[in-house]
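Take a look at the letters that make up each chain.
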Amino acid sequence: MAQVNGETETTETVVRRLRDGMTGGVLSFPLTSFHDDGSLDPDGFRTHVAARIATAPGAVFPACGTGEFFSLDEDEYRTVVTVAVEEAAGRVPVVAGVGYGWAQAARFARIAEEAGADALLVLPHYLVAAPQDGLVAQLEQLAARTRLPLIAYQRGQVAFTASSLKRIAAIPGVIGLKDGHSDLDRLQRLTLAAPEGFLFFNGASTAEIQARAYATVGVPAYSSAVHAFAPEIANAFFAALTDGDDKTVERLLRDFYVPLVELRDRVPGYAVSLVKAAARLRGQPVGPVRAPLTDPSAADLAELTILLTTGLDLVGAAL
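Residues numbered from 1 in each chain as written. Predicted model: local features only at pLDDT ≥ 70, side-chain atom pairs only at ≥ 80, totals over all residues. Heavy atoms only, no water.

**Student:** So what's going on with the nonpolar core? Which residues, and what values?
**Tutor:** One finds Y77, V98 and L121 to be the most contacted residues of the largest nonpolar core, which totals 74 residues. Excluding residues within four positions of it along the chain, V98 makes contact with F69, Y77, A105, F108, A109, L120, L121, V122, L123 and L142. Core analysis: the next-biggest nonpolar cluster, separate from the first, contains 32 residues, I233, F238, A240 and V286 among them. (Core = buried A, V, L, I, M, F, W, Y, C linked by side-chain atoms within 4.5 Å. Buried < 20%, exposed > 50% of the residue type's maximum accessible area, 1.4 Å probe, protein only. Contact = heavy atoms within 4.5 Å.)

**Student:** Requested: an account of the packing of helix α10 (residues 246-264) against helix α12 (residues 298-314), with residues and values cited.
**Tutor:** Between α10 and α12, whose axes approach to 10 Å, the crossing angle comes to 160°. The orientation of α10 with respect to α12, classified from their angle, is roughly antiparallel. Between α10 and α12 the crossing geometry is left-handed. Where α10 approaches α12, its residues R251, L252, D255, F256, P259, L260 and L263 are matched on the opposing element by D300, E303, L304, L307, L308, T310, G311 and L314. By residue class, the composition of the contact of α10 with α12 is nine nonpolar, two polar and four charged. (Axes fitted to C-alpha atoms, helices over the stretch in contact; angles between N-to-C directions. Helix = DSSP H or I, 4+ residues; strand = E, 2+ residues; numbered from the N terminus. Parallel < 35°, antiparallel > 145°, perpendicular 65-115°, else oblique. Left-handed = near helix turned anticlockwise from the far one by under 90°. Nonpolar A, V, L, I, M, F, W, Y, C, P; charged D, E, K, R; others polar.)

**Student:** Residues and numbers for empty space enclosed by the protein, please.
**Tutor:** Applying the stated criterion across every chain yields a total of two cavities of 30 Å³ or more. Its boundaries defined by the atoms lining it, the largest cavity holds a volume of some 90 Å³. Around the largest cavity, the lining residues are V122, L123, P124, H125, L135, Q138, L139, A152, Y153, V158 and F160. Among the secondary structure elements, those contributing two or more residues to the lining of the largest cavity are α5 (132-143) and β7 (150-154). Looking at the lining of the largest cavity, the element that brings in the most residues is α5, giving three residues. Looking at side-chain class alone, the lining of the largest cavity contains nine nonpolar, two polar and no charged residues. Here the second largest cavity is characterised by a volume of approximately 80 Å³. Among the elements of the structure, α10 and α11 (270-281) are those that each provide at least two residues to the lining of the second largest cavity. For the lining of the second largest cavity, the leading source of residues is α11, giving five residues. Of the residues that constitute the lining of the second largest cavity, the class distribution is ten nonpolar, one polar and one charged. (1 Å grid on protein atoms, 1.4 Å probe; cavity = no way out; pocket = protein on both sides within 12 Å on 5 of 7 lines; lining within 4 Å. Points joined across faces, edges and corners; volume = space filled by probe spheres on them.)

**Student:** Break down the sheet that holds strand β3 (residues 27-28) for me, citing the residues and quoting the values.
**Tutor:** Overall, parallel pairing links the three strands, which are arranged β4-β3-β10 in an open sheet. Looking at strand neighbours, the two that pair on one side only are β4 (59-60) and β10 (223-224), the edges of this open sheet. Examined bridge by bridge, β3 and β4 share two bridges and lie parallel to one another. Across the sheet, S28 pairs through a bridge with V60, a residue of β4. (Pairing = 2+ DSSP bridges.)

**Student:** Account for the pattern of salt bridges, with residues named and values stated.
**Tutor:** Taken as a whole, this structure holds 19 salt bridges when the rule is applied. Between D118 and R17 there is a salt bridge; the shortest N-O distance is 3.2 Å. Of the two residues, D118 sits in the loop between α4 (102-115) and β6 (119-122) while R17 sits in helix α1 (residues 11-24), which places them 101 residues apart along the sequence. The two residues D118 and R17 agree in class, both being buried. Where salt bridges share partners, they join R46, E86 and E87 into one cluster. (Salt bridge = Lys/Arg side-chain N within 4 Å of Asp/Glu carboxyl O.)

By themselves, these observations are geometric and do not establish any function.
Below, the structure is given as structure tokens:
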């Protein structure tokens, strides 16, 4: 586990730091930087993640979905997590993504542990649908092979029932759940089944769109892809939401977030590649996406530029 103030963290310390962080800021998912030839750009990533951390997110989640975990080999993954830990320097928790089956996830978990990550986000397993017993066993197997606390991520083929939530919450080291299904009836059942202190995160795509709805079922914390390219907008929205400034929330939703979602939904993979393109427009050295993702078309990039300019203008910032 990572060290904070010279002392090795406990699971309880990680939970406390994450809870404190998620009440004070958005959860940031930095992009992984690549050169034009597709090779990893560690210096570009260091610049990018340092700029995210400087804007005081609640935590940073390197090498997750937005960070193209699925395209990284183990050496690249080690570099990305190491750089994030170095730049965070204990100021914010670092939660690294792991995934595939539990055996491969355990390999990435060992790397993240050696790199000094605070916790792990367990991305949905690869390809196949699985019964509830298998979803629970996946986390049991991984938890037995790492000292790092685990946050389960339900999305795609992973969806826990309330009874399974109780089972995974009882696994030593499993501390929370990130939800990407946006089924609020189901999510309410999960929050009611969870033990006191279990962490929940809104992990919907462009989570700000549903942030108010998630808060009504007891899940106010959310991840922000927008923070990867426009922390000014992400932080302004979070502040307005926290302060109950509905007028600002609705103006940002109507004039920026909803049009962004409409553009994002045009092409598969734009949830990552559009975010990366927006970061490049801001001068961030993140480079292109890796296949099978593709960069936005010229027409969509032009529309994104106008939208980003509008969003920044709403919060008094410039492109």
